[in-house]
Amino acid sequence: MHSEQFTAEPSPASGTDRPPLMFDVIIAGCGPTGAMLAAELRLHDVRVLVLEKETEPTSFVRIVGLHIRSLELMAMRGLLERILERGRQRPAGGFFAAINKPVPKSLDSGHAYLLGIPQPVIVHLLEERAIELGAQVRRGCAVAGLAQDDDGVTVELADGEQLRSRYLVGCDGGRSTVRKLLGVGFPGEPTRAETLMGEMEVGVPQEEVAAKVTEIRETHHRFWLRPAGVGVYSVVVPAAGVSDRAQPPTLDDFKQQLRTVAGTDFGVHSPRWMSRFGDATRLAERYRVGRVLLAGDAAHIHPPIGGQGLNLGVQDAFNLGWKLAAQIRGWAPEPLLDTYQAERRPVAEDVLDNTRAQTELLSTGPGPEAVRRLLTELMDFDEVNRYLIEKITAIGIRYDFGAGPDLLGRRLRDIDVKQGRLYDLLHRGRGLLLDRTERLTVGGWSDRVDHLADPTAALDVPCVLLRPDGHVAWIGDDQQDLNDHLSRWFGKPAS
Ligand SMILES: Cc1cc2nc3c(=O)[nH]c(=O)nc-3n(C[C@H](O)[C@H](O)[C@H](O)COP(=O)(O)OP(=O)(O)OC[C@H]3O[C@@H](n4cnc5c(N)ncnc54)[C@H](O)[C@@H]3O)c2cc1C
């Protein structure tokens, strides 16, 4: 096990009369990140409790969609069909700074589309799946204190109840209580511009709305009215003139801002919900302090441009789940859990940077508009267009696994194998040796790693070792070299 440095301040939960260790992992927050992590941990029989402060799931529809990598993750866990039924497929392009270009033909994925699906539906599906797999979810329970020691973490709830687990993961959103209790810094830029967002009815014909929106969006990119169901529109408008940031926005605020930007309030009425969001950009200094980890918005926030935040959080959970499970099951090699921060923090840094760049590209003024025109021209080059789409959809990620061929550290696409599709073989969250030589073996690692000998697999290398998250951990054809890499990622072989 790790030798861990505990730097959290003692909290009211510290003391010698600790409650019994009832859970392996407590997750604070049942948003998309927490629900995904709970399901991933359950694949490995980890005892999981999810604590969610809200008594009911939120109805705020915050999301544009699931991008390619998240859809691939769903396919890897057998969830794609369920999710596809609830969303609408749209072209994967047009998301970088809302510059509309066709999807390049060379995009390397079997799932090269965006799935438009509201965030509450995703959370519902992921929570349902976590519960099906055996996770416990307790709503109306807010984490308020924590104390950690050599054996575990004592978690104190807002009502004073204490619970104990071996690890705690803060998936409790941008204002994360867990991050604050740990004293982990969250440096970055504060909100500069706020935006109002809500769902409501309009009092003018649909064609009139569409024509006006097209005209206004020529210059105002933080503005839209889009149909969001029968008779209901999703409305987004800058909040610049709304002064009291502490109060929830009102219908009058929406009307006033619509008149300022569009010259008409479209007769909006009967709001379903109304909210406000900012464009702060921040990244946690650390993702782990001893037995407590951070994931999703608790670790990083950025403007919603390009629709990446939920996708990023779900992918954090996918990276962390099998590593934390390995730690709890006792087979994790020494640095495995720390590779979570080493791999995922640079990915978040990159997302923060691309949203900063997109914010500039969406600004008004001769400078940003000239840069936008230039980039729009450059995106006519297939390579540029593809590079930016791969960034937004997260299929361009390459983790640093050391020197090796370009495929090393990247995710493998969903290729054809003799039993069907590759991703169907990853449903149980185990490693996989895909072996075209038919000479290799996973030996003492067979309890953690599956072996598919398939000379017909659509690969242009002899063999790959895939981690449970589908990233390529090794390429080659030598058994000893393979064994070294099995040890590196999957610990000691069973005797
Ligand atoms: C307007 C808007 C549009 C967006 N559009 C997109 C998009 O198209 N695509 C995309 O990928 N992302 C989008 N995002 C970002 C996305 O909504 C977030 O990145 C995502 O919700 C993060 O998920 P999470 O699970 O990490 O955190 P959250 O969704 O914030 O969930 C955290 C959960 O923790 C709970 N909680 C908080 N404190 C405690 C506590 N002390 N104890 C227990 N529970 C607690 C909360 O109630 C909540 O349920 C958008 C965001 C906004 C504002």
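Look up a bit, the structure's there.
Residues numbered from 1 in each chain as written. Predicted model: local features only at pLDDT ≥ 70, side-chain atom pairs only at ≥ 80, totals over all residues. Heavy atoms only, no water.

With that settled, the discussion passes to the overall build of the protein. In terms of regular secondary structure, the protein is built from twelve helices and 23 strands. Relative to the compact-globule value of 23 Å for 495 residues, the protein shows a C-alpha radius of gyration of 24 Å, a close match. Across its three principal axes, the protein shows a C-alpha extent of roughly 75 × 60 × 40 Å. The contacts in the protein between residues at least 6 apart in sequence include a share of 71% that link residues at least 24 apart. (Helix = DSSP H or I, 4+ residues; strand = E, 2+ residues; numbered from the N terminus. Rg over C-alpha atoms; globule rule 2.2 N^0.38 Å. Contact = heavy atoms within 4.5 Å.)

Moving on, we get to the nonpolar core. A general tendency of soluble globular proteins is for nonpolar side chains to be buried together. Counting 116 residues, the largest nonpolar core has Leu-324 and Leu-434 as the members making the most contacts within it. When residues in this core are grouped by element, the largest group, eleven residues, is from helix α8 (residues 309-329). Apart from residues no more than four positions distant in its own chain, Leu-434 is found in contact with Leu-412, Ile-415, Val-417, Leu-422, Leu-452, Ala-457, Leu-459, Pro-462, Cys-463 and Val-464. Val-209, Leu-225, Val-237 and Val-261 belong to the second largest nonpolar core, which has 18 residues in total. (Core = buried A, V, L, I, M, F, W, Y, C linked by side-chain atoms within 4.5 Å. Buried < 20%, exposed > 50% of the residue type's maximum accessible area, 1.4 Å probe, protein only.)

Turning our attention to a nonpolar patch on the surface. There is a patch of nonpolar side chains on the surface, built from Leu-374, Leu-378 and Phe-381 and spanning about 300 Å² of accessible area. Topologically, Phe-381 is positioned in the loop between α10 (366-378) and α11 (382-393). Residue Phe-381 is classed as exposed on the basis of its relative accessible area of 54%. (Patch = residues over 30% accessible without salt bridge, like charges linked within 9 Å, V, L, I, M, F, W, Y side chains within 5 Å. Areas by Shrake-Rupley, 256 points an atom, 1.4 Å probe, with all protein chains shown as cover. Salt bridge = Lys/Arg side-chain N within 4 Å of Asp/Glu carboxyl O.)

In total, this model carries zero disulfides according to the counting rule given. Summary of cysteine pairing: Cys-30 is not part of a disulfide, and the nearest cysteine sulfur, belonging to Cys-171, is at 9.4 Å. (Disulfide = S-S within 2.5 Å.)

Attention now goes to the pattern of salt bridges. Scanning all chains against the criterion turns up 35 salt bridges. A salt bridge links Arg-259 to Asp-265; its shortest N-O distance comes to 2.8 Å. The class for Asp-265 is buried, based on a relative accessible area of 17%. Among the charged side chains, a salt-bridge network with shared partners connects Arg-69, Glu-72, Asp-108, Arg-411 and Arg-413.

Right, let's talk about the environment of Ala-35 for a bit. With respect to the element layout, Ala-35 can be found in helix α1 (residues 32-42). Counting along the chain gives 118 residues from Ala-35 to Val-153, while the straight-line C-alpha distance between them is 20 Å. Setting aside residues up to four positions removed in sequence, Ala-35 forms contacts with Cys-30, Leu-126, Glu-127 and Ala-130.

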